[in-house]
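Read off the chains here:
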Amino acid sequence: MAVYVRYLWNNEFKEELLTLLPLHDRTTGEILFTNFQKFMESNNLSFDNILSITTDSAPAMTGKVNGFVTLTKNRNSKIIALHCIIHQAVLCSKLSDNLKNVMTVVMKIVNYLRSHSALQHRLLRAFLQECESEYIELLVHNDVRCLSKGNVLNRLICLLPEIRSFLESRNTKTANEYFQFLSNIENVSKICFLGDVFSHFNELNKYLQGKNKVLCDMWEIIKAFQRKLQLFENDLNSKELLHFPSLKVHIEGNPDEDIGMDIFVKFLQEVQIEFSSRFSEFSQISNLLTALKNPFSVEPNGNWVTQAMHLFGGYVDKARLQLEIIELQENSVLKESYQASQIIKFWTDILPNETYPNLRKIGSFVLTMFGSTYVCEATFSKMNYVKNKFRNRLTDHHLEDCLIAATTSYNLEFTKLAKAANRNSHISVIYGISMHGISY
């Protein structure tokens, strides 16, 4: 279990790997919490200093009785628990009914062409080269990778005429079934729609990914996408299809076919309901996030104050907070500074702590909160490089040290550290532990 901590240090936010807890047996919520509690106690760390926890949707993490979050909140009831924004956005795009069946068959076709046999894969590549296609390879879908679904569909759509010709030439029962499937106008329309709509989800996912993402910015991206979904629905109803280019080309190429839009509209409506339901926990702090993003346009007694007091009532004074926001809004110098600087720099460096202590506290608290578990996912990807088959004597402790060195945002002076530890140490060996992995 990778545990990251986000904290303010010298007016700068840091995201660092706190610990990597080895799990040799079961991974229930109780076991996860017990291991984490031992780490906290052995390092004299207090649960009272934890402001928020962001996890994925695994039952061991979010279980209401013995989940890791529940057990942690038993030690500190003020902890704010959030579900990873990226995971929730992916869950909102789950397919059902006919669209799910079409997606399943498409993935079988891709796997058949790519993985059925090495010979068939080579023949496909040679066929695409002979046809002078834009691409000579299909992409393979993986449910773990959030972006692959849209990329797989768009590549298939781009190569659809060539794929049909290749399947027809194979002269086998399976190839003939897949050829008939891809020759069906209704099936192709669904594939085109899925390719277009998942392209929009891909774009959303890319915006949400990355290190040092601010919760305020991520919530703005989610709200914008919710409005886009309504726009996409209206676009389908009007049949203008400005935001569905592949579907538009397909329909224009088959003007005599009656391609119903009802199933596509229904899917977008269901996605909108999912977004409203899954992001309800963020809606409870949406006004506060908006206040931090646009502090010069909020009311001093608005809902953002109520939300701030609900979350941080023990740390800020409500009366003084209302006065501070008025003073801030009438300060033309700070207003110009806010417009010319990034949100993190303004709340942690530019805004005077002596004059606006309550606003500074709220800003620091909210900006410290993780919006997603992206850094943890990136760390496990990095672990694949560090923990390889050639390092079969790598212990859990050494693995943790290697990952901390490989993921830290600090500029480590390895030469200085080595000399301080041992004048005869080999510097090249110490440099080597930080060279594994990829940046994120």
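What counts, and at which threshold
- Residues numbered from 1 in each chain as written.
- Predicted model: local features only at pLDDT ≥ 70, side-chain atom pairs only at ≥ 80, totals over all residues.
- Heavy atoms only, no water.
- Helix = DSSP H or I, 4+ residues; strand = E, 2+ residues; numbered from the N terminus.
- Buried < 20%, exposed > 50% of the residue type's maximum accessible area, 1.4 Å probe, protein only.
- Lys, Arg positive; Asp, Glu negative; His and termini not counted.
- Charge placed at Lys NZ, Arg CZ, Asp CG, Glu CD.
- Salt bridge = Lys/Arg side-chain N within 4 Å of Asp/Glu carboxyl O.
- Polar contact = N/O pair within 3.5 Å; in protein donor to acceptor, adjacent residues only side chain to side chain.
- Contact = heavy atoms within 4.5 Å.
- Expected span 1.5 Å × (residues − 1).
- Arc of directions from axis to C-beta.
- pLDDT = per-residue confidence, 0-100.
- Domains from an automatic or database assignment.
- Core = buried A, V, L, I, M, F, W, Y, C linked by side-chain atoms within 4.5 Å.
- Axes fitted to C-alpha atoms, helices over the stretch in contact; angles between N-to-C directions.
- Parallel < 35°, antiparallel > 145°, perpendicular 65-115°, else oblique.
- Nonpolar A, V, L, I, M, F, W, Y, C, P; charged D, E, K, R; others polar.
- Phe/Tyr/Trp six-rings, centres within 6.5 Å; stacked < 30°, edge-to-face > 60°.

**Examining the overall build of the protein**
Alright, step 1. In terms of regular secondary structure, the protein is built from 24 helices and four strands.
Alright, step 2. Dimensions along the principal axes, computed over C-alpha positions, put the protein at roughly 75 × 65 × 45 Å.
Alright, step 3. Here the protein, with 440 residues, has 45% of them falling under the buried criterion.
Alright, step 4. Looking at the protein, you have 46 positive and 46 negative side-chain charges, and the mean spots of the two groups are 7 Å apart.

**Remarks on the side chain of Glu233**
Alright, step 1. Note on placement: Glu233 falls in helix α11 (residues 215–238).
Alright, step 2. It is Lys266 that comes nearest to the buried, bridge-free Glu233 among opposite-charge side chains, at 13 Å.
Alright, step 3. Polar side-chain contacts of Glu233 include one of 2.9 Å to the side chain of Gln269.
Alright, step 4. The residues touching Glu233, leaving out its near neighbours within four places in the chain, are Val265, Leu268, Gln269 and Gln272.

**Observations concerning helix α13 (residues 262–278)**
Alright, step 1. Its 17 residues place the ends of α13 24 Å apart at the C-alpha level, agreeing with the 24 Å of an ideal helix rising 1.5 Å per residue.
Alright, step 2. Among the residues of α13, those classed as buried are Phe264, Val265, Phe267, Leu268, Val271, Gln272 and Phe275. The buried residues of α13 occupy an angular sector of 155° when projected down its axis, which confines them to one face. Set apart from the buried face of α13 by more than 90 degrees, the exposed residues are Asp262 and Ile273.
Alright, step 3. Buried residues along α13 sit against α4 (85–92), α5 (97–115), α10 (185–208), α11 and α12 (245–253).

**Notes on the pattern of salt bridges**
Alright, step 1. Applying the stated rule across the entire model yields 10 salt bridges.
Alright, step 2. A salt bridge links Glu137 to Arg125; the nearest nitrogen and oxygen atoms lie 2.8 Å apart. With a gap of 12 residues between them, Glu137 in the loop between α6 (118–130) and α7 (148–158) and Arg125 in helix α6 connect regions that are remote in the sequence.
Alright, step 3. A residue is classified by how much of its surface remains accessible, and Glu137, at 17% relative accessible area, is buried.
Alright, step 4. Classification of Arg125 as partly exposed rests on a relative accessible area of 31%.
Alright, step 5. For Arg278, the salt bridge is made with Glu274, and the minimal N-O distance between the two is 2.9 Å. Of this pair, Arg278 and Glu274 both sit in helix α13, four residues apart, roughly one helical turn.
Alright, step 6. Taking the relative accessible area as the measure of exposure, Glu274 reaches 30% and is therefore partly exposed.
Alright, step 7. Linked through salt bridges whose partners overlap, the residues forming this network are Arg114, Arg125 and Glu137.

**Section: the confidence of the model for the protein**
Alright, step 1. Per-residue confidence for the protein gives a mean pLDDT of 86, with 94% of residues at or over 70.
Alright, step 2. Least confident of the elements in the protein is helix α24 (residues 427–432), whose mean pLDDT is 42; most confident is helix α17 (residues 318–329), at 94.
Alright, step 3. Scored below 50 in pLDDT, residues 427–440 makes 28 contacts in the model with residues more than four places away or belonging to other chains.

**Remarks on the environment of Phe275**
Alright, step 1. On the secondary structure map, Phe275 appears in helix α13.
Alright, step 2. Separated by 187 residues in the primary sequence, Phe275 and Gln88 have C-alpha atoms spaced 8.1 Å apart.
Alright, step 3. Residues within four places of Phe275 in sequence aside, it is in contact with Ala89, Cys92, Phe201, Leu204, Ile222, Phe225, Gln226 and Leu229.

**Details of unusual backbone geometry**
Alright, step 1. Positive phi, close to 55°, is recorded for Glu132, a residue that is not glycine.
Alright, step 2. Tracing the sequence through the fold places Glu132 in the loop between α6 and α7.
Alright, step 3. Take Glu132: its relative accessible area is 71%, and that puts it in the exposed class.
Alright, step 4. Its identity as a non-glycine residue notwithstanding, Asn171 has a phi of 60°, on the positive side.
Alright, step 5. Within the secondary structure, Asn171 is located in the loop between α8 (160–170) and α9 (173–183).

**A closer look at the domain arrangement of the protein**
Alright, step 1. Domain parsing of the protein yields domain 1 (94–281) and domain 2 (378–413).
Alright, step 2. Of note, the centres of domain 1 and domain 2, computed from C-alpha atoms alone, are 36 Å apart.

**What to know about the side chain of Arg360**
Alright, step 1. Within the secondary structure layout, Arg360 lies in helix α20 (residues 357–368).
Alright, step 2. With no salt bridge to any partner, buried Arg360 finds its closest opposite charge in Asp349, at an N-O distance of 6.5 Å.

**A word on the nonpolar core**
Alright, step 1. One finds Phe193, Leu236 and Phe275 to be the most contacted residues of the largest nonpolar core, which totals 111 residues.
Alright, step 2. If one sorts the elements of this core by residue count, α10 sits on top with 10 residues.
Alright, step 3. A domain split of this core shows at least three residues from each of domain 1 (94–281) and domain 2 (378–413).
Alright, step 4. Excluding residues within four positions of it along the chain, Phe193 makes contact with Leu99, Leu236, Phe244, Leu247, Phe264, Phe267 and Leu268.
Alright, step 5. Residues Leu21, Phe39, Ile53 and Ala60 belong to the second largest nonpolar core, which totals 17 residues.

**Overview of the packing of helix α18 (residues 332–340) against helix α19 (residues 343–350)**
Alright, step 1. Their axes nearest at 8 Å, the elements α18 and α19 cross at an angle of 140°. Taken together, α18 and α19 sit at an angle that is classed as oblique. Mapping the contact onto sequence places Leu334, Ser337 and Tyr338 in α18 and Phe346, Trp347 and Ile350 in α19.
Alright, step 2. By residue class, the composition of the contact of α18 with α19 is five nonpolar, one polar and no charged.

**Comments concerning the packing of aromatic side chains**
Alright, step 1. Evaluated as defined, the whole model comprises 23 aromatic pairs.
Alright, step 2. A centroid spacing of 5.1 Å and a plane angle of 65° characterise the contact between Tyr315 and Phe365, whose relative ring orientation is edge-to-face. You can see Tyr315 sitting in the loop between α16 (303–312) and α17 and its partner Phe365 sitting in helix α20, a full 50 residues away along the chain.
Alright, step 3. The class of Phe365 is buried, set by a relative accessible area of 19%.

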